[in-house]
Amino acid sequence: MKNFDCSIPTRIIFGEDGEKQVGKLIREYGFHKVLIHYGGGSVKRSGLLGQVKELLDKEGVGYVELGGVQPNPTLSLVREGIELCRKERVDLILAIGGGSVLDSSKSIGDGAGNPDRDVWDFFLGKAAPAGHIPVAAILTLSASGSEMSQSAVLTNEETGLKRGFNSPTHQPLFSICNPKLTYSVSKFQTGCGTVDIMMHTLERYFGWSKDSAITDRISEGLLKAVIEAGRIADQNPEDYEARATLMWAGSLSHNGLTGFGREFLMQVHQLEHELSGMYPRIAHGAGLSALWASWARYVCPAWPERFAQYASRVWNVDGDFEHPMNTALAGIKATEDYFKSLGMPVSLEELEVEPEKFEEMAEKCTNYGRRTLAGIRKLDKPEMIEIFKLAYPRR
Ligand code: NZQ
Ligand code: ZN
């Protein structure tokens, strides 16, 4: 087991009606002026936005609002939010939505807390935020884990670059997680979320360090629960236990728990960010499901025993001890079939990605020749292009 530093300071208020506490909580923390940040309208349609405003009014907490966050959130709206925070002297950003709203909120918090810096510099790794406006959240979609993570991912629409960075400033102060708020999430977005949750654990599971028995068992248990809950939520969107499992697993899958003691880099995420960066219409979870099996088949020969362990413990594949590669490939196929069963794409062709863009996507993924992706198999530009090609044909 590798050394690690475990600190997950986000307070999670989990369960039915949690959102009703939001006004009281914010007043108790001592904040005066809130930026309510949200997406394209689901929180208006559900009545949640109106309810939150009433609760803030009741507690005498002031607020301004900024909606319009789109999936794969953009730098231009973040800049607007930063201006608004400065003008209105906002001291807390309340994200109501999924990962995109959360990440936009975190980015606004960084920008507003560092008036002498361009916020995009943080995403390019040129500086680290020295101050920030804190973020709290009411989560409405189980997927990104942003409600308990140190990550934020943002797209610069001018360059088509989607970049993420981790910072303690991104750890939300508190997140309210009521599974019932996810009942209205579409079948497609539920599938995207299930894939993303699995992927946050799988990317850590397929890191390159060898010993981490407890983290392995936590990860395998989480994956099994998510696979089952994903199936149930797909068929019955109002199954509370399934929605609750997905919601809590979403937070646990990306808050560090399934990676402690391991070394990993999340290669598939890096490849996917180039997809949804260049094609903002592609949902993050759909990009991941289209890429994962091809990535897995490509890197698997470097450590077939690891993939065989996954196949056997998570998918109950019978182990072929003489030929672990057979077991490994059966596990990859089982994952791919599961994604298909949720209606998720398993090829780039289905996403109408143009093969002539593979070179540019790989170039961007190497940060224009400045990085390779460490992993059980190291990926440089030619390997990335190869994976995109493998992932292209419809299957
Ligand atoms: O915008 P509205 O109208 O709210 O609709 C959203 C959006 O269209 C809808 N939705 C959300 N809650 C709903 C709902 N529809 C009905 N009922 C509800 N209760 O769902 C759509 C997708 O929302 P989005 O926030 O984009 O989805 P997700 O949570 O999957 O977030 C995706 C973003 O998170 C980033 C991704 O790259 C992507 O940009 N990630 C962030 C991470 C992090 N910060 O830790 C880690 C992840 O790996 C990921 O990269
Ligand atoms: Zn993800």
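Since the structure is predicted, the reported quantities are computational estimates derived from the model, not experimental observations.

### Thoughts on the coordination of the zinc ion (ligand 2)
1) Next: Distances from the zinc ion (ligand 2) to its protein donors, Asp196 (OD), His200 (NE2), His269 (NE2) and His284 (NE2), fall at 2.0 to 2.2 Å.
2) Next: The sequence motif formed by the donor residues of the zinc ion (ligand 2) is D-x3-H-x68-H-x14-H. Pair noted here: Asp196 and His200 are both in helix H7 (residues 187-205), with a separation of four residues, about one helical turn.

### A few points about the domain arrangement of the protein chain
1) Next: One can read the domain layout of the protein chain as domain 1 (11-181) and domain 2 (185-390).
2) Next: On a C-alpha basis, the centres of domain 1 and domain 2 stand 27 Å from each other.
3) Next: Contacts between the two partners involve 28 residues from domain 1, matched on the other side by 28 residues from domain 2.
4) Next: For the domain 1 and domain 2 pair, buried surface summed over both sides reaches about 2200 Å², with 59% attributable to carbon and sulfur atoms.
5) Next: If you look at where domain 1 meets domain 2, you find one salt bridge.

### Observations concerning the side chain of Ser294
1) Next: Looking at the secondary structure, you find Ser294 in helix H11 (residues 284-299).
2) Next: Aside from chain neighbours lying at most four places away, what touches Ser294 is Ile387, Leu390, Ala391 and Arg395.

### Let's talk about unusual backbone geometry
1) Next: In this structure, Asn72 is a non-glycine residue whose phi angle is positive, near 65°.
2) Next: The exposure class of Asn72 is buried, given its relative accessible area of 6%.
3) Next: Even without glycine at this site, Asn316 takes up a positive phi of about 55°.
4) Next: Among the structural elements, Asn316 can be located in the loop between helix H12 (304-315) and helix H13 (324-341).

### Focus: a nonpolar patch on the surface
1) Next: A contiguous nonpolar patch, built from Met1, Phe4, Ile214 and Ile218 and spanning about 400 Å² of accessible area, is present on the exposed surface.
2) Next: Within the fold, Phe4 resides in the segment before strand E1 (11-14).

### Comments concerning the site of ligand 1
1) Next: Around ligand 1 lies a shell of 32 residues, among which Gly40, Ser42, Gly99, Ser100 and His200 are the nearest.
2) Next: At 2.8 Å, a side-chain N or O of Thr140 approaches a nitrogen atom of ligand 1.
3) Next: Measuring from a nitrogen atom of ligand 1, one finds a side-chain N or O atom of Ser184 at 2.8 Å.
4) Next: Look at ligand 1: alone it shows 960 Å² of surface, and the protein chains cover 89% of it.
5) Next: Partitioned by chemical class, the residues of the shell around ligand 1 number nine nonpolar, 20 polar and three charged.

### Here we look at the pairing of strand E6 (residues 151-156)
1) Next: In terms of residue burial, E6 counts as a mostly covered element, since six of its six residues are buried.
2) Next: Covered by surrounding structure in E6 are Ser151, Val153 and Thr155 together with Ala152, Leu154 and Asn156, the residues of both alternating faces.
3) Next: Examined bridge by bridge, E6 and strand E7 (residues 161-166) share six bridges and lie antiparallel to one another. Counterpart to Ala152 in the pairing with E7 is Phe165.
4) Next: With antiparallel pairing between neighbouring strands as the criterion, E6 and E7 make up a hairpin whose turn holds four residues, including Gly160 at a positive phi of roughly 70°.

The rules behind these values
Residues numbered from 1 in each chain as written. Chains lettered and ligands numbered in written order. Predicted model: local features only at pLDDT ≥ 70, side-chain atom pairs only at ≥ 80, totals over all residues. Heavy atoms only, no water. Donors = N, O, S within 2.8 Å, 3.2 Å for Na, K, Ca; no water. Helix = DSSP H or I, 4+ residues; strand = E, 2+ residues; numbered from the N terminus. Domains from an automatic or database assignment. Contact = heavy atoms within 4.5 Å. Buried area = accessible area lost by both parts, 1.4 Å probe. Salt bridge = Lys/Arg side-chain N within 4 Å of Asp/Glu carboxyl O. Buried < 20%, exposed > 50% of the residue type's maximum accessible area, 1.4 Å probe, protein only. Patch = residues over 30% accessible without salt bridge, like charges linked within 9 Å, V, L, I, M, F, W, Y side chains within 5 Å. Areas by Shrake-Rupley, 256 points an atom, 1.4 Å probe, with all protein chains shown as cover. Near = heavy atom within 4 Å. Polar contact = N/O pair within 3.5 Å; in protein donor to acceptor, adjacent residues only side chain to side chain. Nonpolar A, V, L, I, M, F, W, Y, C, P; charged D, E, K, R; others polar. Pairing = 2+ DSSP bridges.

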